[in-house]
Amino acid sequence: MVAACLALQRAGRAPTGVVLADLAGDIPATLGLPEPDSPGLAGWLAAGEDVPADALRRMEIAAAPGLTLLPRGAGPLEPARVDILANLFEQSSRPVVADCGTGSCPATSALIAAASQSLLVTRPCYLSLRQAVQAAQRPTAVVLVREPGRVLGRQDIERIIGAPVVAEVEVDPTIARAVDAGLLAGAKLPRALEKALRDVA
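Bear in mind the structure is a predicted one, so any value in this text is a computation, not a measurement.

Asks: Just checking my understanding: could you explain the overall build of the protein for this structure?
Replies: In terms of helices and strands, the protein carries ten helices and seven strands. A globule of 201 residues ought to have a C-alpha radius of gyration of about 17 Å, and the protein, at 17 Å, matches this closely. Each principal axis of the C-alpha distribution contributes one length, and for the protein these read about 55 × 35 × 30 Å. The buried share of the protein, reckoned over its 201 residues, is 42%. Long-range contacts, defined here as pairs at least 24 residues apart, represent 66% of the contacts in the protein between residues at least 6 apart. Carbon and sulfur atoms make up 52% of the accessible area of the protein, which amounts to about 10600 Å² in all. Of the side-chain charges in the protein, 19 are positive and 21 negative, and the distance between the mean point of each set is 7 Å.

Right, dumping it as structure tokens:
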């Protein structure tokens, strides 16, 4: 959801528009879009050298004003062409926000490693932080989802993860309702969320 919100915020400011690459597979539901029938990124990664790079552009779906979605597609994310994908994202004339989910497969790990900036979205929770520390890639920054009653704070997270916390997002029922109703792309972002992520986007 944070990736979708960042992409929506950037889309409002980028004259060329923004591409949201969904490697996790849940962005259509988050934005209230029908499930795409496109082969998506999984299909492109698995297709081999015969499929040109511009085939990605033909798979894009309009998601919101200034925002296009590259859907995940079905099947595993094959790592063989991830370096080409990362290079295409880097050279794109439009900003690209990639939702890599947990980054736990070789393809998403490689994409995270190639990114100029990678954000870890986590809660101040021992189990979440334990998983983050064990991950193959280290983020360049952290978005902290704050929950009532948690003992760990910003400085603890920065010390454990080894990266700065660049935004703190409060657990907010307004945000959950917007996502559950499929209204995140069609309405103004909840004010608290927009303010929390403003400097990151």
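Alright, that's what it looks like, and here's the rest.
Asks: Quick question: what am I supposed to make of the packing of aromatic side chains here?
Replies: For any pair of aromatic rings, geometry is given as the distance between the ring centres together with the angle between the planes. The tally for this structure, following the rule as stated, stands at zero aromatic pairs. Across the ring face of Trp 44, the terminal group of Arg 81 is positioned such that the distance to the ring centre comes to 3.9 Å.

Asks: Explain the pairing of strand E3 (residues 67–70) to me, please; I cannot follow it from the model alone.
Replies: Alternating residues of E3 divide into Leu 67 and Leu 69 and Thr 68 and Leu 70, and every residue in both groups is buried. Where strand E1 (residues 18–22) and E3 come together, four bridges link them in parallel fashion. Within the sheet, the bridge partner assigned to Val 19 lies in E3 and is Thr 68. When strand E2 (residues 61–64) meets E3, the two strands line up antiparallel, connected through three bridges.

Asks: What exactly am I supposed to notice about the packing of helix H7 (residues 126–134) against helix H8 (residues 154–161) here?
Replies: Helix packing for two helices is described by the angle between their axes and how far apart those axes are. Where H7 meets H8, the closest approach of the two axes is 10 Å, and the angle between their N-to-C directions is 25 degrees. Here H7 is positioned roughly parallel relative to H8, judged by the angle of their axes. Where H7 crosses over H8, the handedness of that crossing is right-handed. On H8, the residues touching Leu 129, Ala 132 and Val 133 of H7 are Ile 157, Ile 160 and Ile 161.

Asks: Help me understand the sheet that holds E2 in this model?
Replies: In sheet architecture, strand pairing relies on hydrogen bonds along the backbone and comes in two forms, parallel and antiparallel. Across the sheet, which stays open at both edges, the four strands sit in the order E2-E3-E1-E4 with mixed pairing between neighbours. Of all the strands in the sheet, the pair left with one neighbour each is E2 and strand E4 (96–99). Strand-to-strand twist of the sheet, defined as the mean angle between neighbouring strand axes without regard to direction, takes the value 30 degrees. Packed onto the sheet, helix H1 (residues 2–11) meets E1, E2, E3 and E4 and runs at close to 170 degrees relative to E1.

Asks: Looking at this model, I keep getting lost on the nonpolar core. Mind explaining?
Replies: Considering soluble globular proteins, one finds that nonpolar side chains tend to be buried as a cluster. Val 18, Leu 20, Leu 31, Leu 67, Leu 184 and Leu 197 are the most contacted members of the largest nonpolar core, which has 28 residues in total. When residues of this core are traced back to their parent elements, those giving at least two are H1, E1, helix H2 (27–31), E2, E3, strand E7 (165–170), helix H9 (173–180) and helix H10 (191–197). The greatest single-element share of this core, amounting to eight residues, is contributed by H1. Ignoring any residue separated from it by four or fewer positions in sequence, one finds Leu 20 in contact with Ala 3, Ala 4, Ala 7, Ile 27, Leu 31, Leu 67, Thr 68, Leu 69, Leu 70 and Val 97.

Calculation rules
Residues numbered from 1 in each chain as written. Predicted model: local features only at pLDDT ≥ 70, side-chain atom pairs only at ≥ 80, totals over all residues. Heavy atoms only, no water. Helix = DSSP H or I, 4+ residues; strand = E, 2+ residues; numbered from the N terminus. Rg over C-alpha atoms; globule rule 2.2 N^0.38 Å. Buried < 20%, exposed > 50% of the residue type's maximum accessible area, 1.4 Å probe, protein only. Contact = heavy atoms within 4.5 Å. Areas by Shrake-Rupley, 256 points an atom, 1.4 Å probe, with all protein chains shown as cover. Lys, Arg positive; Asp, Glu negative; His and termini not counted. Charge placed at Lys NZ, Arg CZ, Asp CG, Glu CD. Phe/Tyr/Trp six-rings, centres within 6.5 Å; stacked < 30°, edge-to-face > 60°. Lys NZ or Arg CZ within 6 Å of the ring centre and 35° of its normal. Pairing = 2+ DSSP bridges. Axes fitted to C-alpha atoms, helices over the stretch in contact; angles between N-to-C directions. Parallel < 35°, antiparallel > 145°, perpendicular 65-115°, else oblique. Left-handed = near helix turned anticlockwise from the far one by under 90°. Core = buried A, V, L, I, M, F, W, Y, C linked by side-chain atoms within 4.5 Å.

That is the geometry; function is a separate question.
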